[in-house]
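Close look at the chain arrangement
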Amino acid sequence: MTRTSKKRKVKGPDAALTPLADAGATTPEDLQLRKSPLTVLPLELLAEVLSYSSSPRDVLSLSRTCKYFHTTLVNNPSTDFIWRQARTQPALGAIPDPMPGMSEATCAALLFDSGVCENCGKKTHVGFYSFALRVRICDNKKQCLPNWVRLHLHQITEEDEVLYPDLLQWIPRMERSGPPFHEHIFVRRREWQAAIDERKMIHLLGPDVLAAYLETKQTLADALPAQMAFYTKLLARRDIFENGRNMYHAIGRETADRHAMQLGCTRWQILQSPTYSTLHYAKMRCWERWDEDEFDTIKDMVTTEIASQKEKKTAREIELALREKRSGVEAQHTQLKRSNPDLVLPSLAEFRKLSVVKTVEASASKKDPDLKHPFVASILKDNLDQWRDAARAGLASVLGFPGWRTTSKRKLHPVDRLTARFRCKKCHAPSKETSKDVGMDLIRVCEHVCATSNKKVRGTQRWNADNFVPDQRAVDAISQVLELCGTKAEDVDSVKIADSVGDRVRCSICALNMDVRSVGRHCKRHEESVFTLLPEVAAPGSAPLEHGLTTKLIQGGAKFAAQQDMKVFSCRHCVHDTVPPNAAEPDTTANGDQEGTGLVPQRPKLMSFNGLRSHLKEKHHVEWIGDEDVLRHKDAPAVDST
């Protein structure tokens, strides 16, 4: 890696004032550092160029561009004539001479620098409202000026004139005499109070300190009349300058309106043209008027730029309208799912491919009806019914019932049966883990989107029933349980019978109770699952299951975060290990000792929900938690684990 050479340091003001003095001794790399041709001009030519400036503001701006011009124009008394010549140029009155001890650059900065409004804090290019108090008020004088006067100014009263006549001889005061001041003396409240405190302290420090204090303040008192006279002149020049600036801004706006009318557009549109806006604001800053020949020169270019801006605006509006339509389609899909959780719906990507949805999303006009329109909603309902019929027929074929039809009212459609469980060929491939392979029912299989594909691929893929296979392990397990219940999957009453069984289905391997709908998921935990049906009388001490609890806590997000952190959960596996669920009531002696089982019931260990999940995974090797694993103690004191 080549190392860049260091810049040669130029020492002394003389070298900076004569940049060509050592031109023969410098290298070409050093000469390239001086990018501006103005830096190589002799002082006489530079003064001739600056003689055409409209005000000292231009000279002040040039002096702040680089070190060379700052040294040449600010720190060089021999160039004061450039500033003096610039002070006589303004068309709206000449600028007064600086006070003794004040440089030309300081006077120009005092008059033309921008700053921050002392009331609202907004940056403004308006000059000082009071040069004596160094206060700046923005263009919003109706609000900022009264607030500032009320908070920061102190009006000198007759009592103040009697008590503190010496302070009034030297303290700066407001030089304005018009409303709202009306010939009264106004000083800064903070400075007035500080002067009173200083005066009281000085009288306590002795005659020597008092004499030095009086001498210092007498110097300020002697200079105050000249300063106030100078500030009054600057204030008059400042008001003239602000009036002129407002006048030329109004002229610029009128000219822009006239030019916009010629081009058949608005002022805002013509000011979006880079060519026109550059000249427009440059003329407003320099207080110049437009020449019609200048506008005719750039008229064609401005017309082209305005047309381009209109095209871009139209494209943005169309894009925004299409984005709103897509957002509306997504909101409608979400609303359909929330309004009826048991409704069979396609995924959002498949929902967008319906004919009526594609028509709505392709329309960029806000006047066209959306999916909430009654007529469009009826067409959407027909499209969804057609999609469901095709999905049901395809999934029935997957289950081994191609072209299924029946005249019996006692037989369920294959996809409406409890044994209608499916697996995705991609997501649930044999090479993948089966711990999270919980299978899918009709609702979940219809809205399934493969998580293995990226976002672009998911948007182009079509839902197809051929991508799924029957979840045979779940089908066999559910069929076994239905046989224990005395019914078959094809029976129309099988769903009611299964729901009436409740939580009396028991896994013989882990001794947990569950309902029939949980069998298809639970059977994946064991290589060979065997289920039994408990009698209708529940086992002593068994607590009912809270169906949907684990799904709510896992998928609920931040809404249920507080419930997850509460230590009110215990493990049903550990409860069954401590006291066998099928054990009879033990006999107790007079001393309270238990006999028969040899097991002493222990108080279950309470933990948070996430702690319970870790416990189940580590101790019981349960990675996909279910309602049959969780026991929530509602009467336990809610202890926050955090």
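Structure's up top.
Described in the following lines is the structure provided in the data block. (Residues numbered from 1 in each chain as written. Predicted model: local features only at pLDDT ≥ 70, side-chain atom pairs only at ≥ 80, totals over all residues. Heavy atoms only, no water.)

On the secondary structure map, Ser130 appears in the loop between β2 (123-124) and α8 (141-152). Under the relative-accessibility criterion, Ser130 is labelled buried at 0%. At 2.8 Å, the side chain of Ser130 forms a polar contact with the side chain of Glu175. Not counting chain neighbours up to four residues away, the residues in contact with Ser130 comprise Val135, Met174 and Glu175. (Helix = DSSP H or I, 4+ residues; strand = E, 2+ residues; numbered from the N terminus. Buried < 20%, exposed > 50% of the residue type's maximum accessible area, 1.4 Å probe, protein only. Polar contact = N/O pair within 3.5 Å; in protein donor to acceptor, adjacent residues only side chain to side chain. Contact = heavy atoms within 4.5 Å.)

Inspection of the secondary structure puts Val344 in the loop between α14 (292-339) and α15 (348-351). Val344 gets classed as buried once you look at its relative accessible area, which sits at 15%. Excluding its chain neighbours within four sequence positions, the residues that come into contact with Val344 are Arg388, Leu442, Ile443 and Cys446.

Before going further, it helps to spend a moment on the state of the cysteines. Inspection of every chain in the model, using the stated rule, returns zero disulfides. This cysteine, Cys507, is not joined by any disulfide, and Cys510 carries the nearest cysteine sulfur, 3.5 Å off. Of the cysteine sulfurs around Cys574, a residue in no disulfide, the closest is that of Cys571, at 3.8 Å. (Disulfide = S-S within 2.5 Å.)

One finds Phe131 and Tyr231 to be the most contacted residues of the largest nonpolar core, which totals 35 residues. Looking at this core, the elements with two or more residues in it are α3 (43-50), α4 (56-63), α5 (67-73), α6 (80-87), α7 (104-112) and α11 (207-263). When residues of this core are assigned to their parent elements, the largest contribution, nine residues, is made by α11. The contacts of Tyr231, once residues within four sequence positions are left out, are Met99, Leu110, Phe131, Ala132, Arg134 and Glu175. (Core = buried A, V, L, I, M, F, W, Y, C linked by side-chain atoms within 4.5 Å.)

Looking now at the pattern of salt bridges. Counted by the stated rule, this structure contains 30 salt bridges. Salt bridges linked by common partners bring Arg521, Arg525, Glu628 and Asp629 together as one network. (Salt bridge = Lys/Arg side-chain N within 4 Å of Asp/Glu carboxyl O.)

Those residues of helix α26 (residues 609-619) that sit buried are Phe609, Leu612, His615 and Leu616. On an axial view of α26, the arc spanned by its buried residues comes to 110°, and they lie on one face. When the buried face of α26 is taken as reference, the exposed residues oriented beyond 90 degrees from it are Lys617 and Glu618. In the stretch just after α26, His621 is the one whose phi turns positive, near 60°. (Arc of directions from axis to C-beta.)

What follows deals with the sheet that holds strand β8 (residues 513-514). Strand pairing in a sheet is mediated by backbone hydrogen bonds. Such pairs are either parallel or antiparallel. Spatially, the three strands line up as an open sheet ordered β8-β7-β9, and their pairing is antiparallel. Looking at which strands have only one partner, the edges of the open sheet turn out to be β8 and β9 (531-533). Sheet topology note: the strand β7 (residues 505-507)/β9 ladder contains three bridges and is antiparallel. When the sheet's bridge partners are listed, Arg506 is paired in β9 with Thr532. In this fold helix α20 (residues 472-484) packs onto β7 and β9, with an angle of close to 20° to the strand it touches most, β9. (Pairing = 2+ DSSP bridges. Axes fitted to C-alpha atoms, helices over the stretch in contact; angles between N-to-C directions.)

Further remarks concern the side chain of Asn76. Examined against the element boundaries, Asn76 turns out to sit in the loop between α5 and α6. Take Asn76: its relative accessible area is 13%, and that puts it in the buried class. A polar atom in the side chain of Asn76 sits 2.7 Å from the side chain of Ser78.

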